[in-house]
Amino acid sequence: MKKTMFYAIGIATLMVGCNSADKVTRKTINQEEVMSKLSLEDKAHFVIGTGMAGFSGNDAVIGATKNLVPGAAGTTYPLDSLGIPAIVLADGPAGLRIEATREGDSATYYCTHFPIGTLLASTWNTQLVEEVGLAMGEEVKEYGADVLLAPAVNIMRNPLCGRNFEYYSEDPVVAGKIAAAYINGVQKNDVGTSIKHFAANNQETNRMNTDAHISQRALREIYLKGFEIAIKEAKPWTVMTSYNYINGTYASESKDLVTTILRNEWGYEGTVMTDWFGGKDGAKQMWAGNDMLQPGKKEQFDSIVAGVNSGKLNEVDLDRNVSRILNLVEKTPRYQGYQYSNKPDLKAHATVTRHSAAEGMVLMKNSEVLPFNKNIKNVALYGCTSYDFIAGGTGSGNVNHAYVVSLVDGLKNGGYIISEELKNAYETYIADCKKKAEAELAEKAKKDPKNAMLMRFLPGTLPAEKQFTADELTAQAAQADVAVITIGRISGEFLDRKVADFNLNDSEKKLIQQVCDTYHKAGKQVVVLLNIGGVIETATWKELPDAILCAWQAGQEGGNSVVDVLSGKQSPSGKFTMSWPVKFTDAYSSKNFPIDEDPRIDMMNQGKKGNVRNVDYTDYEEDIYVGYRYFDSFDVPVSYPFGYGLSYTTFEYSDAKIAEKDGAYEVAVNVKNIGKYEGKEVVELYVSAPNNKAANKPVKELKAFAKTKSLKPGESETVTLKVDVSDLASFDEEASAWVVEKGEYEFIVAASAQDTKARLKAAVKAQLTKTNDVLKPQVKINVLKR
């Protein structure tokens, strides 16, 4: 039976068919009967997956399961004689990742490339993110997958982390709430998610063997809190443990993490799986409560069997993990006999991604150039990325999409005219650069054939910007109404970004300077677009252009989404979920991050733990002072603050009130559009604890946020934000407890971390909630204190 689902994105309402088994009788697994028929070897096979072609596993089993959904990341181990099928696990955060074409099959299996996680979070719109998840989940189900390996909820500890584009924020409340919305949307399709990477996966360098040295307080308040929020609010079917050690123990081998905290404290009842090839000791992973090892290695199988036979591993623990995987299998479309169509509504989903992307773009500067007025028709496009738009990052977070709408096509679709002379010059230049890059890659692959396939999985190097003479620029400015310069960045799995990637290179600086000088002399304006996945340096050049729009990496409809904002068809309402430092070294974590180090790529986790600072281990000396918690508490200037984002209109805040109700505090504020354009506003609520400096607490912390509906000029809305008393707690390591100090707290209504609209006060009673004393650092960390 088909039921209709509605996607309400901006002004568009879409109907997308999605099959559901909600109304029919669901099959169940008789676990007692199944368990009685399993040998020890059967159980060990069942918990370690089927391997990964070319890397590990039973070739016969891989061959039998890999074609269930070609290109999916992996499958669980089938027990065919007992009616237990293999279920399909597939990447990733920006959309389903499977092979788009299949041998001997004329059909195509393209998936929608949705906006990157950073852009979705920048919408601050949980309803919209849930709607994106709903569309994404329909593709998962209709293409025959069972679990989507997403969302990624790790904290943006440092601007150079290679996978920041997949992550949501430097703040755990934003990360947790956005992740919960994403999970709820996907799982409404009766398919699962896998919240990842649990926990503290904050660098790609030596990710298989690095040890994150983190205080218990920072773990609880920063690195685990986003997971806690999402898991409690959305109940993801699975949790994926991270590769790294935490305070001396692999995450997947840590009973403190995956049982004591996740299950005993948070009440999680789903399945825990490793990241691919995560951890080393299969028996210890089973004991810890890491139910499933993906994709599975022979040595893990041997370790489990030997562990039970020797008494190192209690078979009861193994049985418990088998049972949890059976619970997962039972819920899946594959076990329930769902007949997937291989025909999701890609056209409808393209509209979803187009509108959601536009809402997450952040207007950083605007000197009355945006939106384009009716007299602007001819646009001069500069920057290689203008002609080779970046949809998203690389690695498991990439999507095999059918197309990417370039900025060129987006402008043409919006009725604008671009310079064909410029276009031809850039296309020739880019083609030459790509040809050279391909030749260099082929030469590297020839010298290192073992890693040839991996090389094509890594982010490439963007070409230096094409330069023009003064006469060429003058002639171009004479023919154009406005100039648009796109600055691009690409990053991905396996590699952290380099400091040179954070800063603009000489060719980019020169291009911006010369285009701005020439066009301003001609009385014309310049817009800079940032087609990026992570923070870059802006302080040295942001005064040059007339407007700056951070378009992030907007998925396959990127060009259309950008032009929807430039033209005013959709007003920008995104805000930053991270701080933008003036210099890279202004981020305190830069003292403890693997800057420009060898990434030590180790696909199958064969390496060993060493003792190189920031590579084999990293001391999180900034402690709880991540992002704005550091910049604002220590008065360090930023280029753009957390929560910042302009609009085409202006909003007025008034009549802010606070009331205590049922053990929580409710803050209400009226938001009115007093400008000329329709738009939405994000309202942020921070709380400042009493005596926060003496108590070594941040000067303020985000505790809630909400987004208005689209308000017409003159229209207003009362926004209500709720904060539970328990949300005001800090973690006391000595007491091993969450503690709310008695006193007068300040509730700060704001438009950004540095744009306060109202201050309210409330008396709060003391509260203490005990926890388990676990995950202690094994070494002394010189943590930052106020």
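Calculation rules
Residues numbered from 1 in each chain as written. Predicted model: local features only at pLDDT ≥ 70, side-chain atom pairs only at ≥ 80, totals over all residues. Heavy atoms only, no water. Helix = DSSP H or I, 4+ residues; strand = E, 2+ residues; numbered from the N terminus. Rg over C-alpha atoms; globule rule 2.2 N^0.38 Å. Contact = heavy atoms within 4.5 Å. Areas by Shrake-Rupley, 256 points an atom, 1.4 Å probe, with all protein chains shown as cover. Pairing = 2+ DSSP bridges. Core = buried A, V, L, I, M, F, W, Y, C linked by side-chain atoms within 4.5 Å. Buried < 20%, exposed > 50% of the residue type's maximum accessible area, 1.4 Å probe, protein only. Lys, Arg positive; Asp, Glu negative; His and termini not counted. Salt bridge = Lys/Arg side-chain N within 4 Å of Asp/Glu carboxyl O. Expected span 1.5 Å × (residues − 1). Polar contact = N/O pair within 3.5 Å; in protein donor to acceptor, adjacent residues only side chain to side chain. Phe/Tyr/Trp six-rings, centres within 6.5 Å; stacked < 30°, edge-to-face > 60°. Lys NZ or Arg CZ within 6 Å of the ring centre and 35° of its normal. Axes fitted to C-alpha atoms, helices over the stretch in contact; angles between N-to-C directions. Parallel < 35°, antiparallel > 145°, perpendicular 65-115°, else oblique. Left-handed = near helix turned anticlockwise from the far one by under 90°. Nonpolar A, V, L, I, M, F, W, Y, C, P; charged D, E, K, R; others polar.

Take the overall build of the chain next. Each helix and strand counted, the chain has 21 helices and 32 strands in total. Since a compact globule built from 786 residues should have a radius of gyration of about 28 Å, the 26 Å found for the chain is in line with a globular shape. Judged by the C-alpha coordinates and their principal axes, the chain covers about 80 × 70 × 55 Å. Within the chain, contacts between residues separated by at least 24 positions form 79% of all contacts whose residues are at least 6 apart in sequence. Taken as a whole, the chain presents about 29500 Å² of accessible surface, with 48% of it coming from carbon and sulfur.

Here 6 strands make up an open sheet; going across it, the order is β3-β4-β7-β8-β10-β13 and the pairing mixed. Looking along the sheet, the strands with just one partner apiece sit at the ends: β3 (74–75) and β13 (271–274). Examined bridge by bridge, strand β4 (residues 88–90) and strand β7 (residues 147–148) share 2 bridges and lie parallel to one another. Within β7, the position partnered with Leu89 by the bridge is Val147.

Grouped burial of nonpolar side chains is what soluble globular proteins tend to show. In this structure, Leu96, Phe198, Tyr223, Leu224 and Leu702 are the most contacted members of the largest nonpolar core, which totals 86 residues. By residue number, the principal contributor to this core is helix α6 (residues 172–187), which donates 10 residues. Those residues in contact with Leu96 that sit more than four places away from it in its chain are Ala90, Asp91, Cys111, Glu139, Val140, Tyr143, Ala145, Leu148 and Val399. With 77 residues, the next largest nonpolar core counts Ala483, Phe502, Leu511 and Val515 among its residues.

Within the secondary structure, Asp602 is located in the loop between β20 (580–581) and β21 (617–619). There is no salt bridge for the buried Asp602, and the closest opposite charge comes from Lys280, which lies 5.4 Å off by N-O distance. Residues in contact with Asp602, not counting those within four places in the same chain, are Met208, Asn209 and Gly607.

Over its 16 residues, α6 runs 22 Å from end to end, which matches the ideal 22 Å to within 8%, given 1.5 Å per residue. With 14 of 16 residues buried, α6 is to be regarded as a mostly interior element. Its side-chain oxygen at 2.8 Å from the backbone nitrogen of Val173, Asp171 defines the N-terminal cap of α6.

Turning our attention to the packing of aromatic side chains. Overall, the coordinates contain 29 aromatic pairs when judged by the stated rule. Ring centres of Phe198 and Phe227 lie 5.1 Å apart, and the angle between their planes is 65°; on these two criteria the pair is classed as edge-to-face. Of this pair, Phe198 sits in strand β8 (residues 192–198) while Phe227 sits in helix α8 (residues 225–234), placing them 29 residues apart in sequence. Here Phe198 matches Phe227 in class, with each residue buried. When the centroid spacing of 3.9 Å and the interplanar angle of 20° are considered together, the rings of Tyr245 and Tyr250 count as stacked. The residues Tyr245 and Tyr250 share a single accessibility class, namely buried. Above the ring of Tyr335, the side-chain terminus of Lys27 is found at 4.4 Å from the ring centroid. In this arrangement the basic side chain of Arg102 is found over the ring face of Tyr109, its NZ or CZ atom lying 3.5 Å from the centre.

What follows covers the pattern of salt bridges. Note on pairing: side chains with opposite charge can pair once their charged atoms come close. Counted under the stated rule, the structure contains 46 salt bridges. With a shortest N-O distance of 2.8 Å, Asp211 and Lys609 are connected by a salt bridge. Separated by 398 residues along the polypeptide, Asp211 in strand β9 (residues 211–213) and Lys609 in the loop between β20 and β21 bring together distant segments of the chain. Using a relative accessible area of 2% as the deciding quantity, one classes Asp211 as buried. Under the relative-accessibility criterion, Lys609 is labelled partly exposed at 38%. With its nearest N and O atoms 4.0 Å apart, the salt bridge here joins Glu701 to Lys703. Each member of the pair, Glu701 as well as Lys703, carries the same accessibility label: buried. By sharing partners, the salt bridges in this structure join Arg163, Glu166, Glu204, Arg207 and Glu493 into a single network.

Our focus in this paragraph is the sheet that holds strand β28 (residues 730–732). If you walk across this open sheet you meet the 3 strands as β28-β29-β32, and the pairing is antiparallel. Single-partner strands in this sheet number two, and they are β28 and β32 (767–770). Looking at each pair of strands side by side, their axes are set apart by 30° on average, direction ignored. The sheet contact formed by β28 and strand β29 (residues 737–740) spans 3 bridges and is antiparallel. Within β29, the residue paired with Phe731 across the bridge is Trp738. Helix α7 (residues 216–223) contacts β28 and β29 of the sheet and is inclined by roughly 160° relative to β28.

What follows deals with the pairing of β13. What you see with β13 is no split at all: Thr271 and Met273 on one side and Val272 and Thr274 on the other are buried throughout. Taken together, the 4 bridges between strand β10 (residues 238–241) and β13 define a ladder with parallel strand orientation. Each residue of the ladder has a partner; that of Val239, found in β13, is Val272.

Turning our attention to helix α19 (residues 506–521). For α19, spanning 16 residues, the distance from its first C-alpha to its last is 22 Å, which sits close to the expected 22 Å at 1.5 Å a residue. Every buried residue belonging to α19 is among Ser507, Glu508, Leu511, Ile512, Val515, Cys516, Thr518 and Tyr519, and all of these are buried. Of the surrounding secondary structure, the elements contacted by the buried residues of α19 are β15 (378–382), α15 (420–447), α17 (470–479), β17 (482–488) and β18 (525–531). Positive phi appears at Gly523, one or two residues downstream of α19, with a value of about 75°.

Let us now look at the packing of helix α13 (residues 346–360) against helix α20 (residues 558–566). Two quantities define a packed helix pair, namely the angle between the helix axes and the distance between the axes. Their axes nearest at 8 Å, the elements α13 and α20 cross at an angle of 50°. By the angle class used here, α13 and α20 are oblique. Here α13 runs over α20; the crossing is right-handed. Contact residues: α13 offers Thr353, Arg354, Ala357 and Ala358, while α20 offers Asn560, Ser561, Asp564 and Val565. The residue inventory of the contact of α13 with α20, partitioned by class, reads 3 nonpolar, 3 polar and 2 charged.

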